[in-house]
Amino acid sequence: MKVKVQTLEAKAGGDIQLDDAVFGVEPRADILHRVVTWQLVNRRAPARAARERSDVARTGKKFGRQKGGGTARHGDRRAPIFVGGGKAHGPRARVFTSSLNKKVRALGLKMALSAKAKGGQLIVLDNLDMGEDAKTKALQAKLGKLGFGKTALVIDGDALNVGFARASSNLQGLNLLPAVGANVYDIMRHETLVLTRAAVEKLEARFNG
C-alpha cells in the first residue's frame, strides 16, 4: 500500500510503501473488542478492602443492661450502626487481571492500524521537527492545514520529538506516543492516526522482526 508523506508545513514529502501484512489486514470488530477489553481490565487498580465487623479492634463486651436501659439490646460496639464500628457489606480486596494470547494482541494492533488506513484516517509525516519555531501557536496553525480532525494520536519513533511534544502539550485532543507505546485502545479512540516515517519503520519491524 503506497501512501503520500506530508511535512509539518502540509507540503508533499514523497511516498512511503506500507507493509500490507501490517496495514492491510481486514479489521474484525470481535478481535478489536477483545484486545480493548483486555487493556482496560489490566489498567484497573486493585480494590482495597474495607474493615468489616470482624476486623475492627473494639471490645466485644456487652455495654448495657439487657432490660431497663430504654434502648435496643446491643451487645457489641463493633456493630456497623456505631461510629467506629465495622462497615456492613464493605468492598473486598480484589486484583483485576486478564490474559490474552500474544498472537491475538498482535493481530488486534495490526487491525487497528489497518482500520485507520482503510478509513482514510491515517496521516504519515516526514518528521516532527519544528526547529526554532516550536511554539503552540505556530503548531496550531500547521495542524489546521494538515487536517488532523478533532482528536489525533501522533506516534513517533524511539523517542518523542522534544520541541513538538512541548508545543503540543496544551493542545486539546492531540496526544503523543513513542512507537513502543502504540496500542489498540489509544489508536481506536482517536479520530486520526498520525505516524512519522520512523514510527512506520518501528511498527513494521515490531511485527517482522
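Scroll up to find the structure.
## Side note on the pattern of salt bridges
- This model, assessed by the stated rule, comprises 9 salt bridges.
- Where Glu-52 meets Arg-92, a salt bridge forms, and the shortest distance between an N and an O atom there is 3.3 Å. You can see Glu-52 sitting in the loop between α2 (29–43) and α3 (102–118) and its partner Arg-92 sitting in the loop between α2 and α3, a full 40 residues away along the chain.
- Look at Glu-52 and you get buried, because its relative accessible area is 16%.
- On the accessibility criterion, Arg-92 (56% relative accessible area) is exposed.

## Re α2
- Compared with an ideal rise of 1.5 Å per residue, which puts 15 residues at 21 Å, α2 spans 21 Å between its outermost C-alpha atoms and is within 8% of the ideal.
- All buried positions along α2 are accounted for by Ile-31, Leu-32, Val-35, Val-36 and Gln-39. Looking straight down α2, one finds its buried side chains confined to an arc of 125 degrees; they lie on one side. Seen from the buried face of α2, the exposed residues on the opposite side, beyond 90 degrees, are Ala-29 and His-33.
- Lining the buried residues of α2 we find α3 and α6 (184–188).

## A few points about the packing of aromatic side chains
- Applying the stated criterion across every chain yields a total of 1 aromatic pair.
- A ring pair is formed by Phe-63 and Phe-82, whose centres lie 5.6 Å apart and whose planes are at 80 degrees; its orientation type is edge-to-face. Of this pair, Phe-63 sits in the loop between α2 and α3 while Phe-82 sits in the loop between α2 and α3, and the two are 19 residues apart along the sequence.
- According to the relative accessible area criterion, Phe-63 is partly exposed, its value standing at 36%.
- Classification of Phe-82 as buried rests on a relative accessible area of 18%.

## Concerning the sheet that holds strand β4 (residues 152–155)
- Across the sheet, which stays open at both edges, the 6 strands sit in the order β2-β1-β3-β6-β4-β5 with mixed pairing between neighbours. The strands lining the two open edges of the sheet, one partner per strand, are β2 (12–17) and β5 (174–177). Ignoring strand direction, the axes of neighbouring strands in this sheet form an average angle of 30 degrees.
- Here β4 pairs with β5 via 4 bridges, running parallel. Of the residues in β5, the one forming a bridge with Leu-153 is Asn-175.
- Together, β1 (2–6), β2, β3 (122–125), β4 and β6 (192–196) form the strand contacts of helix α7 (residues 197–208), whose direction differs from that of β6 by roughly 90 degrees.

Criteria and cut-off values
Along each chain, residue indices are assigned from 1 in the same order as the chain's sequence is written. Selection of residues for local features in this predicted model requires a pLDDT of at least 70, selection of side-chain atom pairs for listing and counting requires 80 or more, and totals for whole chains, interfaces and linings are taken over all residues. To obtain the side-chain values, all non-hydrogen atoms of the structure were used and water was disregarded. By convention in these notes, a salt bridge is any Lys or Arg side-chain nitrogen within 4 Å of a carboxyl oxygen on Asp or Glu. Think of it this way: any DSSP run of H or I at least four residues long counts as a helix, any run of E at least two long counts as a strand, and we number them from the N terminus. To sort residues, take the accessible area from a 1.4 Å probe on protein chains only and compare it with the maximum for the residue type: under 20% means buried, over 50% means exposed, and anything in between is partly exposed. Here, expected helix span is obtained from the residue count minus one, scaled by 1.5 Å. In this description, one arc is meant: the one made by directions from the helix axis to the C-beta atoms. Whether two residues are in contact is decided by their heavy atoms: any pair within 4.5 Å suffices. Classification of ring pairs rests on two measures: the distance between centres of Phe, Tyr or Trp rings, Trp counted by its six-membered ring, which must be within 6.5 Å, and the angle between planes, read as stacked under 30 degrees, edge-to-face over 60 and tilted in between. DSSP-based pairing: two strands are paired if at least 2 bridges between them are found. All axes are obtained by fitting lines to C-alpha atoms, using only the stretch in contact for helices, and the reported angles, taken between N-to-C directions, cover 0 to 180 degrees.

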